[in-house]
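Examining the three-dimensional arrangement
These are the residues of each chain, in order.
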Amino acid sequence: MKESCLRGDRSLRALRDLGLALQKIAGPKIVLLVSGGTPRPDGSPGRWYAPIGDAFAAAEVFLYTMYVEQPEFGQARYGTSPTGAQDRLAELEGLENATSAAGGLFVEAIGAWDQHFDRVLTELSGSYLLGVEVEPADRDGRPHNVTVRVRRDGTAVRARARYVIQPRQ
């Protein structure tokens, strides 16, 4: 296995494991991940990204991911592609796919970081907690898709797209 694929595999497993660990803490959570990227491992995308989405849905986590490009000052490239620009896209792609699978928001941090952190803070300052009415059949411990929409023009809605309702004990 290529070094980049192995690194991508480890990174995505760690992200999934974070989602699994956060399931032990009750209630909705927000995670801000700041990363220089992770390449996409070999194999089917669903094999790598679906478990991240399932783990984050079960943990009630909304993921904000801030991608910070790594400088190339004489560093060895991972060699995932013929050029450094294509390597950068590979790093970005794996992280962006993982964030998408988790139903989160991906931000490419270009320039000063303040503006990107301010964006996340602004979004968090205007949030609502919505409840979902569930049927008994929904309490099966599996992910369920939910769509949240508003009628106000120009309003952006960010909500987790998947929820897991555990069976009553």
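Residues numbered from 1 in each chain as written. Predicted model: local features only at pLDDT ≥ 70, side-chain atom pairs only at ≥ 80, totals over all residues. Heavy atoms only, no water.

Here we come to the packing of aromatic side chains. Evaluated as defined, the whole model comprises two aromatic pairs. With 5.0 Å between their ring centres and 65° between their planes, phenylalanine 62 and tyrosine 64 make a pair best called edge-to-face. Both residues of the pair, phenylalanine 62 and tyrosine 64, count as buried. Their ring planes at 25° and their centres at 6.3 Å tell us that tyrosine 67 and phenylalanine 106 sit as a pair that is stacked. On the criterion of sequence distance, the pair formed by tyrosine 67 in strand β2 (residues 61–68) and phenylalanine 106 in strand β3 (residues 105–109) is long-range, its members being 39 residues apart. Exposure class is identical for tyrosine 67 and phenylalanine 106. Each is buried. (Phe/Tyr/Trp six-rings, centres within 6.5 Å; stacked < 30°, edge-to-face > 60°. Buried < 20%, exposed > 50% of the residue type's maximum accessible area, 1.4 Å probe, protein only. Helix = DSSP H or I, 4+ residues; strand = E, 2+ residues; numbered from the N terminus.)

This brings us to the side chain of threonine 65. Along the polypeptide, threonine 65 turns up in strand β2. Relative accessible area serves as the criterion here: at 1%, threonine 65 is assigned to the buried category. Within the structure, threonine 65 has its side chain in polar contact with the side chain of threonine 99 (distance 2.7 Å). Residues contacting threonine 65, with those up to four places away along its chain left out, are Leu33, Leu95, Thr99, Leu105, Phe106 and Val107. (Polar contact = N/O pair within 3.5 Å; in protein donor to acceptor, adjacent residues only side chain to side chain. Contact = heavy atoms within 4.5 Å.)

Our focus in this paragraph is the confidence of the model for the protein chain. Mean pLDDT over the protein chain stands at 82; residues scoring 70 or higher make up 86%. Predicted confidence in the protein chain is weakest over strand β5 (residues 162–164), with a mean pLDDT of 81, and strongest over strand β1 (residues 29–35), with 93. Contacts for the low-pLDDT stretch residues 73–77, under 50 throughout, to residues beyond four places or in other chains number five contacts. (pLDDT = per-residue confidence, 0-100.)

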